[in-house]
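Listed below, chain by chain, are the residues.
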Amino acid sequence: MSEAAPENPVERELDRRISDGIDVTLKWNRLTGIIRLEVNDKKTEQSFSQEVDPADALDAFHHPYAYEPNQQENPQQPVSK
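Residues numbered from 1 in each chain as written. Predicted model: local features only at pLDDT ≥ 70, side-chain atom pairs only at ≥ 80, totals over all residues. Heavy atoms only, no water.

> Requested: an account of the sheet that holds strand β4 (residues 46-52), with residues and values cited.
With antiparallel pairing, 4 strands are arranged side by side in an open sheet as β1-β2-β3-β4. Here the strands that pair on one side only, and so sit at the sheet edges, are β1 (11-19) and β4. Pairs of neighbouring strands in the sheet enclose a mean axial angle of 15°, with direction left out of account. Both strand β2 (residues 22-29) and strand β3 (residues 35-41) contribute to a ladder of 7 bridges, which runs antiparallel. (Pairing = 2+ DSSP bridges. Helix = DSSP H or I, 4+ residues; strand = E, 2+ residues; numbered from the N terminus. Axes fitted to C-alpha atoms, helices over the stretch in contact; angles between N-to-C directions.)

> Could you give an account of the pairing of β3, with specific residues and numbers?
With burial as the criterion, only one face of β3 is covered, namely that bearing I35, L37, V39 and D41; the residues R36, E38 and N40 on the opposite face remain uncovered. Where β2 hands over to β3, the hairpin turn is made up of 5 residues, of which G33 adopts a positive phi near 80°. When β3 meets β4, the two strands line up antiparallel, connected through 7 bridges. Its bridge partner lying in β4, N40 is registered against S47. Here β3 folds back onto β4, and the loop between the two strands holds 4 residues, one of which, E45, carries a positive phi near 60°. (Buried < 20%, exposed > 50% of the residue type's maximum accessible area, 1.4 Å probe, protein only.)

> Run through the side chain of D41, naming residues and quoting values.
Secondary-structure assignment places D41 in strand β3. Here D41 occupies a buried position and makes no salt bridge, while the nearest side chain of opposite charge, K43, is found at 6.7 Å. The residues touching D41, leaving out its near neighbours within four places in the chain, are G21, I22, Q46 and Y65. (Lys, Arg positive; Asp, Glu negative; His and termini not counted. Salt bridge = Lys/Arg side-chain N within 4 Å of Asp/Glu carboxyl O. Contact = heavy atoms within 4.5 Å.)

Here it is, written out as structure tokens:
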């Protein structure tokens, strides 16, 4: 029986979902208060990681590609529709 990996005492996973090969994770750094969105697409082997404003964290989790760094003029705001 294998042991679970030790939990990072500084960084905490807030939420995670995997759908159609796309892994979306929200992490919080308890020392800095920074929330980070991490996206890994296993089909295309592309990934990105982006800091998000705490007020936008839930939106970023549900609409991660709106927060992709190369899709934005301002990395703290979602792309206008």
